[in-house]
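Reading the structure
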Amino acid sequence: MARLAGRRALFAVPVVLVVTFGVFAIAAASPFDPVKAYAGTAALGADQETLDRLRENLGVDQSFVVRWWEWLTSALTGDLGHSGVMRQPVAQVIGERLAWSALLCAVAFAAAVLVGTLLGVLAARRPGSALDRAVTSLAYTLEAAPVFWIALLAVWLFALQWDVLPAGGLTDTASEQVTFGQVASHIVLPAGVLAVSQLPWFTLYVRQGVGDALAEDPVRGARARGIGEGKVLFGHALRSGLLPVLTLIGSRVPELITGALLVESVFSWPGIAAATVEAATAVDFPLLAALTTLATAAVLAGNLLADLLYGLFDPRVKLSEM
């Protein structure tokens, strides 16, 4: 396990270097002017000398290669730089928002795995039945639905029509402090929408995996020996059928992050979505690089987790050989 993690860590180094370099290169080619974004409406009446001085103070008068190298060497010492658009250190911007984004993704991911596994198992028990057709039809329909459309539909139905859940935010409007009860009620809609966007993949993978496992000789032999259907399903077929889902975990991380950004924007969730949008439109180099590195690390960690889980649960795979 340590060997695999070490190799992946070494592989992550050039990946992060290439990704961060690409961020600075693309941002430098962007038509957005970071100086005007930083100054706001004050830039409209400012003379060129003032704008040039501000450009020098922000460090955007240098080439993107120099800015990338300065940011990289500072980041290695723990200094992620200062966000011009957020008027805060980058580490503080991420620290204030990352926990809420992580909470949203964790709740949504757990719900998608649990509900997807349940629906997949139910559909696999009776292939071709009415329940199987209903589950697969629902999965394909949700797979084709954009996550922002699902989010807007959820707001209209649960918040506006039925008025059973808050439409957005982290707490109630008049609240002066964050409480567990308010966070729990406000996270239901965004986490539910994000879970629904990931649900089809887990449902279809579990259905296929469990269905194939039920047709294998060991499962048929267990049934022939008189072992109960429940034990056959959960003790034999489910364990074998969930193996493909383990590899799915890592591959769904990028879409989970993308979906979380859209969901946070719709529901005004105080995560990193707003910071990401502002950093992109204002060409905030330090914040853009830090957020991109964070997303890259999450994807690499998801792939590593999938491989580790596969090695632990699949007896045919040895972690020492991976």
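Summarised in this report is the structure supplied together with it. Note on numbering: residues in each chain are counted from 1, in written sequence order. Whole-chain, interface and lining totals are the exception, using all residues; otherwise, since this is a predicted model, local features are given only for residues with pLDDT of at least 70 and side-chain atom pairs are given and counted only at 80 or more. Each side-chain value is worked out from all heavy atoms of the structure, with water and hydrogens disregarded.

**Topic: the overall build of the protein chain**
When helices and strands are counted, the protein chain shows 14 helices and two strands. Only protein chains enter the accessibility calculation, which uses a 1.4 Å probe. A residue is then buried if its area is under 20% of the maximum for its type, exposed if over 50%, and partly exposed in between. Scored against the burial criterion, the 322 residues of the protein chain give a buried share of 37%. We call two residues in contact whenever any of their non-hydrogen atoms come within 4.5 Å of each other. Within the protein chain, counting contacts between residues at least 6 apart in sequence, those at least 24 apart form 72% of the total. If you sum the accessible surface of the protein chain, you get close to 17,200 Å²; carbon and sulfur atoms cover 66% of it. In this text, helices come from DSSP runs of H or I with a minimum length of four residues, and strands from runs of E with a minimum of two, each type numbered from the N-terminal end. With residues, only the protein chains shown are counted as cover, and all accessible areas are computed by Shrake-Rupley using a 1.4 Å probe.

**A look at unusual backbone geometry**
Even without glycine at this site, Asp 163 takes up a positive phi of about 50°. Take Asp 163: it is sitting in the loop between α7 (147-161) and α8 (180-186). Positive phi outside glycine occurs at Ser 268, with the angle close to 50°. Considering the arrangement of structural elements, one finds Ser 268 in the loop between α12 (243-267) and α13 (273-281).

**Notes on the side chain of Thr 117**
On the secondary structure map, Thr 117 appears in helix α5 (residues 90-125). There is a polar contact of 2.6 Å between the side chain of Thr 117 and the backbone oxygen of Val 113. Residues within four places of Thr 117 in sequence aside, it is in contact with Ala 112, Val 206, Leu 238 and Leu 242. Here a polar contact means two N or O atoms within 3.5 Å. Within protein one must be a hydrogen donor candidate and the other an acceptor candidate, and residues neighboring in sequence count only if both atoms are side-chain atoms.

**Some remarks on the packing of aromatic side chains**
When two rings of Phe, Tyr or Trp (its six-membered ring) have centres within 6.5 Å they constitute a pair, described as stacked for plane angles under 30 degrees, edge-to-face for angles over 60, and tilted for the intermediate range. Tallying each qualifying case throughout the model produces eight aromatic pairs. Ring centres 5.1 Å apart and planes at 90° place the aromatic pair Phe 21 and Trp 68 in the edge-to-face group. One end of the pair, Phe 21, is in helix α1 (residues 2-28); the other, Trp 68, is in helix α4 (residues 64-76), with 47 residues separating them in the sequence. Joined through ring pairs, the aromatic side chains of Phe 21, Phe 64, Trp 68 and Trp 69 make up one cluster. Directly above the aromatic system of Phe 285 lies the positively charged group of Arg 67, at a separation of 4.2 Å from the ring centroid. By definition, being over a ring means that NZ of Lys or CZ of Arg is both within 6 Å of the ring centre and within 35 degrees of the ring normal.

**A closer look at a nonpolar patch on the surface**
On the surface, Phe 148, Trp 149, Leu 152, Leu 153, Trp 156, Leu 160 and Leu 262 cluster together to form a nonpolar patch covering roughly 730 Å² of accessible area. Among the elements that line the nonpolar patch, the one with the most residues is α7, at six residues. Mapped onto the elements, Leu 160 comes out in helix α7. Given the relative accessible area of 59%, Leu 160 is considered exposed. In this scheme, patches are assembled from residues that exceed 30% relative accessible area and form no salt bridge. Like charges are connected within 9 Å, while nonpolar side chains (Val, Leu, Ile, Met, Phe, Trp, Tyr) are connected within 5 Å. Take a side-chain nitrogen of Lys or Arg and a carboxyl oxygen of Asp or Glu: if they are within 4 Å of each other, that pair is a salt bridge.

**Regarding a negative patch on the surface**
Negative charge collects at one region of the surface, where Asp 47, Asp 52, Glu 56 and Asp 61 lie side by side. Within the element layout of this structure, Asp 52 appears in helix α3 (residues 48-58). The exposure class of Asp 52 is partly exposed, given its relative accessible area of 38%. Only four residue types enter the charge count, namely Lys and Arg as positive and Asp and Glu as negative; His and the chain termini do not. In this description, the location of a charge corresponds to atom NZ of lysine, CZ of arginine, CG of aspartate or CD of glutamate.

**Quick look at the nonpolar core**
Formed by 41 residues in total, the largest nonpolar core has its most connected members in Leu 104, Val 193, Leu 194, Phe 202, Val 210, Val 263 and Phe 267. Broken down by element, the residue count for this core peaks at ten residues, all from helix α9 (residues 188-214). Throughout, nonpolar core names a set of buried Ala, Val, Leu, Ile, Met, Phe, Trp, Tyr and Cys residues whose side chains join them through atoms within 4.5 Å.

**Things to note about the pattern of salt bridges**
If you walk through the whole model with that rule in mind, you get two salt bridges. Residues Arg 97 and Glu 96 are paired through a salt bridge, measuring 3.4 Å at the closest nitrogen-oxygen approach. A relative accessible area of 16% places Arg 97 in the buried class. For Glu 96, a relative accessible area of 39% translates into the label partly exposed.

**Details of the side chain of His 186**
Mapped onto the elements, His 186 comes out in helix α8. A distance of 3.0 Å separates a polar atom in the side chain of His 186 from the backbone oxygen of Gly 168. Once you skip the residues sitting within four places of it in the chain, His 186 turns out to touch Pro 166, Gly 168, Gly 169, Leu 170, Thr 171, Asp 172 and Trp 269.

**Focus: α13**
Residues of α13 that are buried include every one of Ala 273, Ala 275 and Ala 279, and no others. One face of α13 carries all of its buried residues, which in axial projection span an arc of 165°. Positive phi appears at Val 283, one or two residues downstream of α13, with a value of about 50°. When we speak of the arc, we mean the arc of directions from the helix axis to the C-beta atoms.

**Considering the packing of α7 against α12**
Between the N-to-C directions of two axes lies an angle of 0 to 180 degrees, each axis being a line fitted to C-alpha atoms and, for a helix, fitted only over the stretch in contact. Closest axis-to-axis distance for the α7/α12 pair is 9 Å, and the angle between their directions is 30°. The angle between the axes of α7 and α12 places the two elements in the roughly parallel class. Remark: the crossing between α7 and α12 carries right-handed chirality. Side by side, α7 and α12 meet where Val 147, Ala 151, Leu 152 and Val 155 of the first sit next to Gly 259, Leu 262, Val 263, Val 266 and Phe 267 of the second. We call Asp, Glu, Lys and Arg charged. Ala, Val, Leu, Ile, Met, Phe, Trp, Tyr, Cys and Pro are nonpolar, and the rest, Gly among them, are polar. Residue composition of the contact of α7 with α12, grouped by class: eight nonpolar, one polar and no charged. Throughout this description, any angle smaller than 35 degrees is read as roughly parallel, any larger than 145 degrees as roughly antiparallel, any in the 65 to 115 degree range as roughly perpendicular, and the remainder as oblique. Each crossing is labelled by how the near helix is turned from the far one, with a counterclockwise turn of less than a right angle marking it left-handed and a clockwise turn marking it right-handed.

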